[in-house]
Structures are given as structure tokens and as C-alpha cells.
Amino acid sequence: MRKMSCVVTLAFILLTGCNDQKIIEQLGIVSLISYDDISESEEHKMKVTAVIPDYSIEATSEQEILEAEASLMKEAEEKLANQTRQKLVNGQIRSVIFGEDLASKGIKDIIQAMEREQEIGSRVKAMVAEGEAVAILKSTGVENIGDYMEKMIKKAAEEYLVPNSDIHIFYRDLLDDGIDPVTPLIGLTEGRANLKGTALFKDDRYVGSLNSELSRIFLTLYGKVNSSELTVKMPDGEHMRYINFNYNESDRDVKVKKKGKDITGIEIKIDLKGSVLEDTKEGVISSPEESKKIEKLTEDYITQNGEKVLSILKENRTDSLGLKQYVRNSLSFKEWKALDKDSILQTTPITLSVDVKVKDTGMMQ
Amino acid sequence: MSEKIAPFHLAILIYMIQSGVTLTKLPRLLAVDFGTNGWIMVILVSFVACCNIFLIGLVNRIGGGKDLFDIMEALIPRGVMAPFYLLLAFIYSVLVILIGKDYVVITQVLSFQNTNAYYFIIIMLLLVIYLVSKDVYTITKVTAVFFVFTVWMTLLIFYHIPYMSFTRMTPFFLAEGENFLLGFINLFTAFLGFEIVVFLFPYIDRSKKNWFRSVYIGNMITTFIYLVISIVSYMFFSLEQLKLTSFPVLNLIAFIEIELIERIESFIFTLFLMKIVVSIVMYIWVAKLLFKRALPVVPDKWVTLILIFSGLAITFNANLEYEIGEWLNIFGLIGASIAIALPLIMLTVLGILKIRRRNRA
Amino acid sequence: MVRRSIKRRRKLQESEEKDLTNEATLLEQIEHQFEGCADLSKRFLPDLQLHLFYFQHLLDDEMFQTELLKPLYQVREDEMLTVFNRFTYMASDDIHEITQKILNGYAGILFQDKVYLIDLYGPKERSIEPSETEGTINGPHDAFVESSSTNLSLIRRRLKSSDLKALDVSVGEVTNGTVTLLYIQGIANEELVERLKTRVQSIKIDGVYDSHMLSQLIEDHPYSLFPQHVLNEKPDSVTAELVEGKVAILFDGSPSVIITPSTFFDFFQAGDDYYQRWLTGSATRLLRFAAFLITILLTALYVSVTTYQYEMIPESLLQTLVESRSRVPFAPIYEALMMEITLELLREAGARLPTKIGQTIGIVGGIVIGQAAVQAGFTSNVLIIVVASSAISSFVIPSYVMSASIRLTRFGLIILAGILGNFGIMVGLTVLIIHICGLTSAGAPYTAPLSPFFKKDWRDFLIRAPFSSMKTKPTISKSSQKR
């Protein structure tokens, strides 16, 4: 009985094959995918471009770029698969680029489809391209664009140049009623892919952007920053003074001021602590007076630019900083449901208070 | 087999029977049915489960460690009880076959879309037959090793700490919930498994006086893990996202990325196989006891096969995700009622016996 | 059967040849018993009317001279009996006993109507040398030899206690080997000793030739893949186990000693763990458990990942993997099985060949197969690394028997991984765990102290705690000494 059952089990497992094999070298492993809008010809039509790096030793080129036109993500996949001898798989997609036009029409469907597919992970980096996304893919000077883009975005997010843009985070903020998602914005400079700043979304529509300089300020307002640097440009007396402020501890705190049941204002408090590594002023800068002065200049710089960021957000009626989350948490459920969420940030005054501390001035006095 | 189950192993056994595939879906269930801060309900329902365990504890204390069969047959003749035993046996076997199918469906979604589901079901059931052919002491030993192999998964949530935020949790208490009652029942079924202890009384090492505490401890482990997972999910996902994510726990695991390996959710989920096997084996083991008590003539080795095949035959039509879901709702409800009813009935019987004995004296 | 026929024949002879003198009968009987044994030395000393019977090669030469020949030459015939009444001699007229004793290295002296036996056992044996199979860096280097009495002396030297008891049991109906059960009274579980004794006695087999064979004969689960007793060649380890309340089984003719009951995790312990500092000892032990996991899982995971779960590969590794796989014409499962089998071939060839030729194996295996296979596009580089590291890991496990069992399990897991990917590996692991948990060693649970959970024993399990905290005997030895 026991021996028989062993034999039957073995035979059963061995004889019945399994047709879900995905043998690694037989796969066309997509590393980067881009979506562009071409709805002039037909409604809801997209141009989907996939980058498939070819790692095999005999490969003539480092990567293959395939294009297809379709209305659904999966439909595009089918069409792409027809163009190659390999089996196309999505499990290693690292980044997805949306063309400006498509992004401004809304990308919820695609993000949702990517989250739905079990093969695609939730850490795919989403980004928006200035103009056409295909142009980035075909940019020159890079041998493996999929790898390049991912590393670039990852590095930039680690250095707090652009926000982290995993599709999980995008989707999370998209479905949260207290925050709007953001992604990095990329573009071409002399034919090379380049970081351009932050793309702001209103729900799932791309509405505006911040340039690189404002992006840094935006990120200090957005949340905790572990390490980054600012180039402070402020007039000091008659001259312009440039200071490199390298901060490694930054914290953001949002306070909602209320009078009775009415929201009277929102205060964003930022604490920064860091060191000054470069300064155009001559002489000793480590004296207490000088430090105070640098702190003051930096605070003013951040406040000025922070207000610029806030006005851009206000202009686009978007809540990328997630201020509404704090409004929500200060209200009862009924009040929150009754609240006019769209206009609350337009009408409520938002104040910035910045506190900068100079820890040291590097190896020199 | 003179060895008895030690209290420590009983606690682990209870936890392993309780937690299963439901764990992967739990945060979504909470979000859909209870809405904001649904994790609080885990504590509440765990308390209800504790009350239920308390009833079983009463049965143990008043009945003096006699098991279900001895207590019932002291009042009602075995012939009358036999059909109920059989009914209970079949309910349990159907319940666990459904749990197994549920697991297989997710396995297929994750990595084997093109392979027949019955292939996996049969492999799983072969494992079950193998384990259930051992005595209950060995089963608890196996369970303890399975516990070690699976419990470390909980530690993975440390990875998510930087991505969590209290602001996402909202201060609202159970707002936007869809169906409180259904949620309550669903959550209670996620705690089911402790009722098995009614059948284990004769197999437990009674040398430690308060051994029954380990049933509570088992339930506490389950509660703790459920609670941690749901709190992390509430802080990691936004509420609407949580409602739409089928298996939030798998998404949590998929988020983990280290230099050496990433996307380990398909690997981790296969580890759940061990949990599922334990759940199925313990229920089948109980069903076997019931069946043998009702029909002692059937040879031992056939009982398991009869139970499994009848379970498969009854659930033959339940193969799709939503079908299994509906069946599980029904049988979960039945299982929950049995869990509550069993100790109550036994207490009643014990009460009648006591009165009768007093009258006679 | 043989024994019974001897008895019957003896009875027959006794009844038939009643008129003959006892002396003649005994002489004839002895000659009859050893008929055809050309190596039996027979001497007749006519002046003393003595017959001497002995196997020269079983005797110690010096003892033979001083204990037997010298006294014999110095006494007269009438003094003979006083000599024989000394305690070194035992008198017997039971032909069966006489035969047994002579076979066991006694010399028999037939004088008048009795045979006087004197123990002169001292055969040629290997001298005590360091163990070939169990190397150690610190600690004593002497290892057991093939002689039970030498082995016993090695243990007695370390354990000076009269509580150390030795029970002799014979085994094998033709070979009549000697098995010695060794235990410390007051620490070891007497019930266990008794059970082991009956188990050894109840073995029905013609011959036992080594303690590994004996171990299989007294196992609880002879069909299992895994060995259920640790076999040890180091007297210091055996002494330590005896002190822990376990029973050691010596077999005359084998340098390995069976220690029982053993657990699965005992196979991962080595003497060095105890002689090193406790932290380094613990680290080494953890390393061994890691090696165990690497051995059974690494190749299987390679197969599973390259066949099914490509998404688990991080980007930095993806290129390396695809590149190395791109020229391989076989599916990963065949590739892996081929390399694993090649490696097993190399190992087996290395074990069979004499050491001088054995070196060639290294060259052939390492250079020819390793490099050439990759260059020819037969296997991938990554796989070679994977297979090699899992092979090295398997050799880290101190017990060769266990390491062989584990290597065999690995093949099962590789095949399952090739069929069902990660799910297959998990099915394999589940079966393995169920199997191992179901095993017992001399009635004790095989997976203790992990399951059943014995908290106290964890001090000497995954880690080796400082000696000051290791005061209790392991639970599985069911020691009668409570402390």
C-alpha cells in the first residue's frame, strides 16, 4: 500500500508536465516600456514601445526596441510579441515612461493594469517625459536604456532630486483622497536623457511641473529628507552670495490651525540641519554671527522658493504635498465628507516656517 | 503511541490551524467590510474567539478531560449520534478541501496560469494523506517544524517601516465599511481552528495543570500576527488601494527588494503550503475520528480516502475564484456555528448528566 | 543451526563411546571440531603427557612465552595440577566452551581428563592513529581502531569510573561477533540499555562486519533515507556522549562506535565545537546548518529560478545569468542534473582510487570538466559555481553517512524544482520534514530539541553555549540523573 502510493505519486508528478516554463534565455525580457498618445487616428489609441535588452553572448546589439499601436496594455503586448522570436515577459520591467500628452489625459488605466498583472512588480518606476516618450527610448549615447533609466531615477530619488515614483506609491497616492501623486519628469538635452524635475498630477492627469531647483525645495516640503544639498542664491549686501548647504537631517511637520470647526490655516514647519561646504563670501564663516547669517539666508531662500512651489501647486489645483491628509486627520468623518475638498487648499492660507541649523562648516573655519 | 502533546506544541498547533490563506487576504477583508482602522476589529473578534475558547475550557474543566464522544454517548446512544458524527465529518472535509482549493487558485494566479488546478490539488492532498497517516503526536512535531519554517515571514515587515505612515491610517473609526456583519463573520472564520481542541483532550499531556492556557496562547499568536499584518497594511496602502488589492500581504512581500533577490512573493507563498497542509490535516484527522466512531467497520486507510474523495466530489463545481469564495462563506459560517455550538451542546449534556446523577443519588 | 548440530553430535558421541576414556574423547572431539583448520597449532609434550591447542596468530607472543611455556617447562608432571589450579587457568570439559575459547584467543591444554584454558589473546592490530574520516584541529587526535579492547581502553582511560558498565552481546549466527554496550550506570537510562540489548540479541543474520551495518540492523526505521545513529571514531566524543547519558555500542572489528539515541542535529556536531571558544564554536555550528540548507536548496533554487521565476532575479544578476545560459543547449534541469551527477562521479572516483591517482581526479574534474564544459557551451558558469558551492557545503557536514543522505535528497529537490519550480521545492521540503519528524532513534524523537521542543537542550543545539550554562543532560537520553 505504502510503496504503491509512493510509486503512484512519483509517476504522477513526473509524467504530468507543466507548461508554465519560462526558461530564462528564451525570454524577451522587457526592461522599459513607454506609452504615447496617438488618439488623433482613433480614440484611446496608444503607441507602446518596449525595450528588450539582449544579453546573449552572440548578440549584435545591446538592445531591441519594439513598437506597437493598441488601446490596451495587454493588446499591445500581443502585438509586440509578434515582432520577436522570443517570448515576451513583463516580470523584469523596471521603469515605465508616459508621454506628456498621454499623461495629461490620465494614466489610471495603465497603472491599474500594471498593478493587476501578477508578473509586474510594484516597484516599477513611473515617469513622465517632456514631449514624446519614444524619443527618450531612442536617445543616443546609451547602450542599454532600460538599465540606464532605472539607475538614473533610483539614484536621483536616493539623493532627493526627484520624488520616489514606484507605481505602488503612485497608485497609493492616486487612490488616497488626501494627496495627489507626483513622478519625476525627464526630457532630452542634446539628445541625451536628462532629469528635468517633478511632474505634478491632479488625480491621474499630468497638470504641471517643477524644475530641478524647485524640486529639491518641493521634496523638503514633501517629507523627511535623509541627505541632500541646496545651492542658496541670495543677495548679501551688494553682492549675490552663493552657499552650498548640505543637509542630512530634515523634518517636515504640518499643522492645521482651526478656529472652532473652521480651518483657518495650514502651517508647514521644516527643520533642517546641515553643513556649509562652499561659500562665495571670503574669510571665516564659522563664527556664531556668520552662522546665524547663513542660517537666516538659507531660511529666506527656502521660504521664498517654497512659496513659489506652493503657488504653482495652487495654480494647478493639486495637492501634491498631501496637506489634505492632515486636514482630514483633524476633522471628524462627517465633516471631512461634507468638506469641499477641491477648494479647501485654494482658500486656506498656507504658511511656511523654516528653521535651519548650521552644524559645521566642513574642514575649514 | 504513549507520547502526549505538550502544551507548547498545542499552542503552535492551534496557531498553525488558525492561520492560513486568509492571512494573505485579511487586510482587504478588513478594509472592505469595516473601512478605516478596521484592524481594531481583529482585537474585538479575537476577544470573541477567546470567549468561545473559554466555553471549551469549561467543557474541559467540568467534563474532567473527557472528549466529545465520551460526553455525548453518556447521554445519547452511539447509534443515534452516528449520523451527526458523519455529517460533521463531511462538513469538515468539505471545508478543508475548499481551503486547499483556495490556496491552489492563488498559486495559479501567481505563477502557474496554464497548469491544471487539479494537478496541484492532488499533490497537496497526497501530502495530506502522507501526514495524516501518522499519529497525532507526530503531526504536532511536524507542525512545530513547519512553524519555524513559516513564522519568520512576519519579520519581513521590518523592511516596510520606512514606507509606512500614520497619516494614512486616518483617525476615523470604522467609517466607510460596507458590511459589518459579514465582515465580522469572515473575520471570525479566520480565527477558526481552536475548536479542534475538543477532540484533542485525550491526547494532551495533562501533567501541567494549566495546560489549557496554551489554547489561548495559540489564539494570541494568531491575533498578534493578524494585528501586525493589518496595521502594517493600513499604514502602507491607502484605504481605497487596500480595498482593491486582492492579496495585500503578497503585495507587501513583493515590495521587498534586496541586492541578492527580489519579488519573493511567489516563493514565500509556497511556504504557505505548510500552513495549509497542517490545517487540512488536522481537520481531516478529526473527520477521521468522527467517521471511525460512527462506522468502526471501515478499515483505517480507507477512511482518509473516503473523506477526501467525498470532499472533492461535493466541491466538484467550485473551481473559480468567486465560486470558491461563495462556498467558503457558506462553509465558514457553518464551521463558525459548529465552533460555538459544540461546547454549548457539550455543556448542556454535562449539565443534564449532573442533574441526573444528583437525582439518582 | 550449526551450534545445535554440534550439540547433537556430541551427545551421540557420548552415548556411543561410553567405554572410551574421557581424555581420548575430548582429544578426539577437539580434533574433530578443528578438522581442516590448518592454522590451529597442536603440540604434544610427551614428558608431561600434555596436548596444547591454540591459534598462534590470535595469541600475544610474549604472553605465550612467559605465561604458558615457561611454567610448563619448569614443572614436573606431578606439580601440573597445582599450576593449573591457579586463577589464570580455567578448567572445562565442555567441548563447545573449549572451541569458543580457543577461537577467542585462549590456549587449551589437555591434561588428564580436562582441558585447562588460559587467555593469551593478543592479535596483531593497527596502532592508534588519527582518524581519517573525522579530522579535528584542536583536541585529542587518537581514534578508535578495529579492536574492541583497545577501544575500551581508550574510553576507560578518559572515564575513570566504576559506573562505566560494559555488556557483551554476540551477534551474527556464523561470524559470532562481539558487541559491547557501554553506558554509565546512574546516568544512562537502564530501560534503554535493556531494550538495546534485546534488540541486538534478536538480530537474525549470518554475519555483521561493521558497526555501520550493526547500526542499520538496530535502527527504528530501516527503510528511511537518513541514518538514525551517530557513528563516531573519536574516544573523546564518545566519552562526552556517555557522560550525557547516552549508550555507546562497540563492535569488535570496527573503528566506529554507535551512539544512541541520536538526533538529526547531532550529525552536525563535531568535537571541535567544544574545544573552541564558545562563540567561535557556535559560529561554526551555525555555519554547518547554513551549509545544510545550501546543500539541499541552492541548485534546486537555481533550476527553479531559471526555469520559472525569472522575476526573482535582481537586475544586477540578470545579465550574468542570461549571458552564461545563452549558449547552453539544455533546459536548466538537465544541465543541473548533468553537473551534479558528474560531481558525484568525481567524488566517488576520488573515494575509490588510491590517493596517488586520486590527485589526477582533481585535475581532470577541475580543469577538464569545469573549464571545458563552460567553454564548449555545455553548462553555464553560474551553474558550476552553484554546484561546486553546494558540493563543498555538503562536505562540511561532519558525518559522511549523513552527508551522503543529504546529497541524495538534493537530487529529489532538483527534479521537483525542474517540474514545479518553487512549489516543487516546497513540496519536497514538506515531504522531507514530515519524514524526518516521523523518525525516532532508539525510541527518542529524531528532531529533538527543535520538535518536540526542549528548551534546556537549545544550549547545545544551534549554538554551543558556554560550559557554565550547560549543566543538564539532554532530554532525549532520558537520563535517570536529574540535574
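Reading the values: rules and limits
Residues numbered from 1 in each chain as written. Chains lettered and ligands numbered in written order. Predicted model: local features only at pLDDT ≥ 70, side-chain atom pairs only at ≥ 80, totals over all residues. Heavy atoms only, no water. Pairing = 2+ DSSP bridges. Helix = DSSP H or I, 4+ residues; strand = E, 2+ residues; numbered from the N terminus. Axes fitted to C-alpha atoms, helices over the stretch in contact; angles between N-to-C directions. Contact = heavy atoms within 4.5 Å. Domains from an automatic or database assignment. Buried area = accessible area lost by both parts, 1.4 Å probe. Salt bridge = Lys/Arg side-chain N within 4 Å of Asp/Glu carboxyl O. Polar contact = N/O pair within 3.5 Å; in protein donor to acceptor, adjacent residues only side chain to side chain. Nonpolar A, V, L, I, M, F, W, Y, C, P; charged D, E, K, R; others polar. Patch = residues over 30% accessible without salt bridge, like charges linked within 9 Å, V, L, I, M, F, W, Y side chains within 5 Å. Areas by Shrake-Rupley, 256 points an atom, 1.4 Å probe, with all protein chains shown as cover. Lys, Arg positive; Asp, Glu negative; His and termini not counted. Charge placed at Lys NZ, Arg CZ, Asp CG, Glu CD. Buried < 20%, exposed > 50% of the residue type's maximum accessible area, 1.4 Å probe, protein only.

**Some points on the sheet that holds strand E8 (residues 230-232) of chain C**
Residues and elements named next belong to chain C.
Here is step 1: With respect to topology, 5 strands assemble into an open sheet ordered E6-E7-E9-E10-E8, the strand pairing being antiparallel. Since the sheet does not close on itself, it has two edges, and those belong to strand E6 (164-171) and E8, each with one partner. For this sheet, the mean angle separating the axes of adjacent strands, direction not counted, is 25°.
Here is step 2: Two elements, strand E9 (residues 247-251) and strand E10 (residues 257-260), share 3 bridges in a ladder whose sense is antiparallel. Bridge pairing links alanine 248 to isoleucine 259 in E10.
Here is step 3: Strand contacts of helix H6 (residues 148-158): E6, strand E7 (177-184) and E9, with the helix running at about 150° to E9, the strand carrying the most contacts.

**Details of the domain arrangement of chain C**
Here is step 1: By domain assignment, chain C separates into domain 1 (2-119), domain 2 (148-262) and domain 3 (277-444).
Here is step 2: A C-alpha centroid distance of 61 Å is found between domain 1 of chain C and domain 3 of chain C.

**Some details on the interface of chain C and chain A**
Here is step 1: Taken together, the contact pairs 24 residues of chain C with 24 residues of chain A.
Here is step 2: The junction of chain C with chain A conceals about 2300 Å² of combined surface from both sides, 64% of it contributed by carbon and sulfur atoms.
Here is step 3: Taken together, the connections running from chain C to chain A amount to 1 salt bridge.
Here is step 4: Here C:Arg325 makes a salt bridge to A:Glu25, at a shortest N to O gap of 2.6 Å.
Here is step 5: One can count 8 residue pairs in polar contact (both at pLDDT 80 or more) joining chain C with chain A.
Here is step 6: The set of elements that each furnish at least two residues to the side of chain C that touches chain A consists of helix H11 (278-307), helix H12 (315-325) and helix H16 (400-438) of chain C.
Here is step 7: Broken down by element, the side of chain C that touches chain A gets its largest block of residues, 7 residues, from H12(C).
Here is step 8: The residue inventory of the side of chain C that touches chain A, partitioned by class, reads 14 nonpolar, 5 polar and 5 charged.

**Focus: a positive patch on the surface**
Here is step 1: On the surface, a cluster of positive charge is made up of B:Lys66, B:Lys354, B:Arg356, B:Arg357, B:Arg358 and B:Arg360.
Here is step 2: Its place among the elements puts B:Lys354 in helix H15 (residues 321-360).

**Description of a nonpolar patch on the surface**
Here is step 1: There is a patch of nonpolar side chains on the surface, built from C:Trp278, C:Leu279, C:Leu286, C:Leu462 and C:Ile463 and spanning about 420 Å² of accessible area.
Here is step 2: Of note, C:Leu462 is situated in the segment after strand E12 (444-445).

**A short note on the pattern of salt bridges**
Here is step 1: Across all of its chains, the model carries 47 salt bridges over all chains by this definition.
Here is step 2: In this structure, the salt-bridge partner of A:Asp166 is A:Arg123, at a minimum N-O distance of 3.2 Å. Of the two residues, A:Asp166 sits in the loop between helix H6 (145-158) and helix H7 (167-175) while A:Arg123 sits in the loop between helix H4 (108-116) and strand E7 (125-129), which places them 43 residues apart along the sequence.
Here is step 3: Classification of A:Arg123 as buried rests on a relative accessible area of 11%.
Here is step 4: A salt bridge links B:Glu240 to B:Lys243; its shortest N-O distance comes to 3.7 Å.

**Some details on the interface of chain C and chain B**
Here is step 1: At the interface, 32 residues of chain C touch 37 residues of chain B.
Here is step 2: Across the chain C to chain B interface the summed buried area is about 3000 Å²; carbon plus sulfur atoms make up 76%.
Here is step 3: Every element with two or more residues in the side of chain C that touches chain B is listed here: H12 and H16 of chain C.
Here is step 4: When residues in the side of chain C that touches chain B are grouped by element, the largest group, 14 residues, is from H16(C).
Here is step 5: A per-class count over the side of chain C that touches chain B returns 21 nonpolar, 9 polar and 2 charged.

**Quick word on the sheet that holds strand E3 (residues 89-92) of chain C**
All names here are of chain C.
Here is step 1: One open sheet holds the 5 strands; their spatial order is E1-E2-E4-E5-E3, and the pairing between them is antiparallel. A strand with exactly one partner marks an edge of an open sheet, and here the two such strands are strand E1 (40-45) and E3. The average angle at which neighbouring strand axes cross in this sheet is 20°, direction not considered.
Here is step 2: Pairing of E1 with strand E2 (residues 50-55) involves 6 bridges; the strand directions are antiparallel. For leucine 40, the partnering residue across the bridge sits in E2 and is phenylalanine 55.
Here is step 3: Along the sheet, helix H3 (residues 61-74) contacts E1, E2, E3, strand E4 (106-111) and strand E5 (114-119); its crossing angle with E2, the most-contacted strand, is approximately 175°.

**Section: the domain arrangement of chain A**
How big an interface is tends to be expressed through the accessible area that disappears when the partners come together.
Residues and elements named next belong to chain A.
Here is step 1: Looking at chain A, the domain boundaries give domain 1 (26-210) and domain 2 (223-365).
Here is step 2: Each side of the interface is counted separately: domain 1 has 16 residues, and domain 2 has 21 residues.
Here is step 3: Contact between domain 1 and domain 2 buries roughly 1400 Å² in total, counting both sides, with carbon and sulfur atoms accounting for 47%.
Here is step 4: When the shortest N-O distance is used, the salt bridge between aspartate 176 and arginine 328 registers 2.9 Å.
Here is step 5: Scanning the region where domain 1 abuts domain 2 turns up 11 residue pairs in polar contact (both at pLDDT 80 or more).
Here is step 6: Broken down by secondary-structure element, the contributors of at least two residues to the side of domain 1 that touches domain 2 are strand E9 (192-202) and strand E10 (205-211).
Here is step 7: Ranked by the residues each element gives to the side of domain 1 that touches domain 2, the list is headed by E10, at 4 residues.
Here is step 8: Residues that form the side of domain 1 that touches domain 2 fall into these classes: 7 nonpolar, 3 polar and 6 charged.

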